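# Report on the structure
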Amino acid sequence: MLTVPVEIFRFKPGQAQRYDTFTVEIAETAHVIDVIDTVWAKHDPTLTFRRACHHSSCGSCAVRINGAEKLPCIVRLTDVWNGRNPIRIEPLRNFPVVSDLLVEVGDFFERMSAASMTITCEAEGFLPLTVDTFAVAGVLPKTVELPDNLSRFNRFEQCIECGICMSACPTMATDNKFIGPAGLAAIYQARHKTDDPTRVKHLLGLADGEHGVWRCHSAFECTEACPQAVDPASKIMALRRELALRRLRKMFGLRI
Amino acid sequence: MSTLNYSKTRQAARWFDVRRRKAGMWAYALNRITGIGLVVYLYLHLGVLSMLIQGQSAWDAFVGLARSPFYLALDVILLAGILIHGLNGLRLAVTGFGFSAGAQKALFTILMISGGIILIAAALKIFQI
């Protein structure tokens, strides 16, 4: 067992914000979400936080651990604690704080819907997996014949809408209308799933707006912070390239 | 619902907060610091040039001052700002249109090392004046 000091951001409506320090007895193998759970269960039941799946699928527990955006359900305690100083846990940035570690994500989800975010990959519906193709280990299929066009989709569909990229983005700090890395990556994904000119025009119009891809100032923090390797920054840059090429073609009277 | 929101000034300060951040954020912050520095320098430069209106003696007096080690050190700092801002601008122009976005950290490192070499060579020249 370890005795771990943990410093947690506290805020309740009508009260001043502060940091509370707790000393938690916890197993060495614990993850940071276990630390937060223990504080809530054994020290302060008024601590407000969000969590659900405990295995990096729902994205709901995202917080900042020692200043960096992380999913506490997959961050081991021993990876963030130096054995002396308290682990500092704070809510995500660029979201209004509702209470303690809980942030308001309604606006974020609405933005994701507007940006055509789809959670499931259409291609998953026809992957040729059958029971008798499972490997000896009983876990991984022996062979999976991926459709030719799957590679460019399958990374983004790992997006769990945790909001970590929105918190890490310095541009979001000063433009709360910026669609943001997750939304722009969703637009990229939706755009590459369709050849319908009307749909393409709508999606590129969203990306080309005042608060779209040109608002990004290339800090690349979204890609660095993303726990799911979605790489939103590269998607934003790819959208920019397409928009710039379309403008150039239009300028020279070429077919778009 | 009553929520905690931070002021615009506090949010803008995040442009310069590189704690726990990676190379891209360092480049982002450096570009802003050097950008602000170069704008300030531009106005200082115009102010200095306006000394010409006061005649040759005023200008010669300033040039004498500008050759002091302190001013030469300021020249080196100015050149460092130009190199950081300019070379990082090249990186942004390349990656900003979807080319080598995955190599942005390597590009930053290579360009800053190149800038450092140019700066050292230039500083040696400047202090020989």
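Attention in this report is confined to the structure presented alongside it. Per-chain numbering applies: the sequence of each chain, read as written, is numbered from 1 onward. Going through the entries in the order they are written, you letter the chains from A and number the ligands from 1. Side-chain atom pairs in this predicted model are given and counted only at pLDDT of 80 or more, local residue features only at pLDDT of at least 70, and totals for whole chains, interfaces and linings cover all residues. Each side-chain value is derived from all of the structure's non-hydrogen atoms; neither hydrogens nor water enter the calculation.

### With respect to the overall build of chain B
- Per the secondary structure count, chain B includes 5 helices and 0 strands.
- Tracing chain B from N to C terminus, the helices and strands come up as α-α-α-α-α.
- Buried, partly exposed and exposed residues are distinguished by accessible area as a fraction of the type maximum, computed with a 1.4 Å probe on protein chains only: under 20%, between the cut-offs, and over 50%, respectively. Counting across all 129 residues of chain B, residues that qualify as buried make up 28%.
- Only heavy atoms enter the contact rule, under which two residues are in contact if any of them lie within 4.5 Å. Considering only residue pairs separated by 6 or more positions, chain B has 56% of its internal contacts joining residues 24 or more positions apart.
- Accessible surface, chain B: about 8,100 Å² in total, of which carbon and sulfur atoms supply 73%. Put simply, DSSP H or I for four residues or longer makes a helix, DSSP E for two residues or longer makes a strand, and each gets a number counted from the N terminus. Computed with a 1.4 Å probe, the accessible areas rest on the Shrake-Rupley method; for each residue, only the protein chains presented here act as cover.

### Topic: helix α4 (residues 69–95) of chain B
- The end-to-end C-alpha separation of α4(B) is 39 Å, in line with the 39 Å expected for 27 residues at 1.5 Å each.
- Turning to α4(B), its buried residues are B:L72, B:V76, B:L78, B:A80, B:G81, B:L83, B:L87, B:N88, B:R91 and B:T95.
- Where α4(B) is buried, its residues meet α9 (232–251) of chain A together with α2 (23–49), α3 (56–66) and α5 (104–126) of chain B. Helix span, as expected, comes to 1.5 Å for every residue beyond the first.

### Observations concerning the side chain of A:D44
All names here are of chain A.
- Mapped onto the fold, D44 is located in the loop between α1 (32–43) and β3 (63–65).
- Judged by relative accessible area, which is 14%, D44 ranks as buried.
- In terms of polar contacts, D44 uses its side chain to reach the side chain of T46, at 2.5 Å.
- Setting aside anything within four residues of it in sequence, one finds D44 in contact with R10, F22 and V39. Polar contacts here mean pairs of N or O atoms no more than 3.5 Å apart (in protein, one a potential hydrogen donor and the other a potential acceptor; neighbouring residues in sequence count only if both atoms are side-chain atoms).

### Here we look at the interface of chain A and chain B
- Taken together, the contacts link 34 residues of chain A with 32 residues of chain B.
- Using a 1.4 Å probe, buried area is obtained as the accessible area two parts lose upon being combined, added over both of them. When the two sides are added together, the surface that chain A and chain B hide from each other amounts to roughly 2,800 Å², 52% of it contributed by carbon and sulfur.
- Salt bridges are defined by distance alone: a side-chain nitrogen of Lys or Arg within 4 Å of a carboxyl oxygen of Asp or Glu. Counting across the interface, chain A meets chain B through 4 salt bridges.
- Notably, a salt bridge pairs A:E69 with B:R21, separated by 2.8 Å at the nearest N-O pair.
- Of all the elements in the fold, those that place two or more residues in the side of chain A that touches chain B are β4 (68–70), β6 (97–99), α5 (164–168), α8 (221–225) and α9 of chain A.
- Here the element with the most residues in the side of chain A that touches chain B is α9(A); it accounts for 6 residues.
- For this classification, the nonpolar set comprises Ala, Val, Leu, Ile, Met, Phe, Trp, Tyr, Cys and Pro, the charged set comprises Asp, Glu, Lys and Arg, and every other residue, Gly included, is treated as polar. The residue inventory of the side of chain A that touches chain B, partitioned by class, reads 17 nonpolar, 10 polar and 7 charged.

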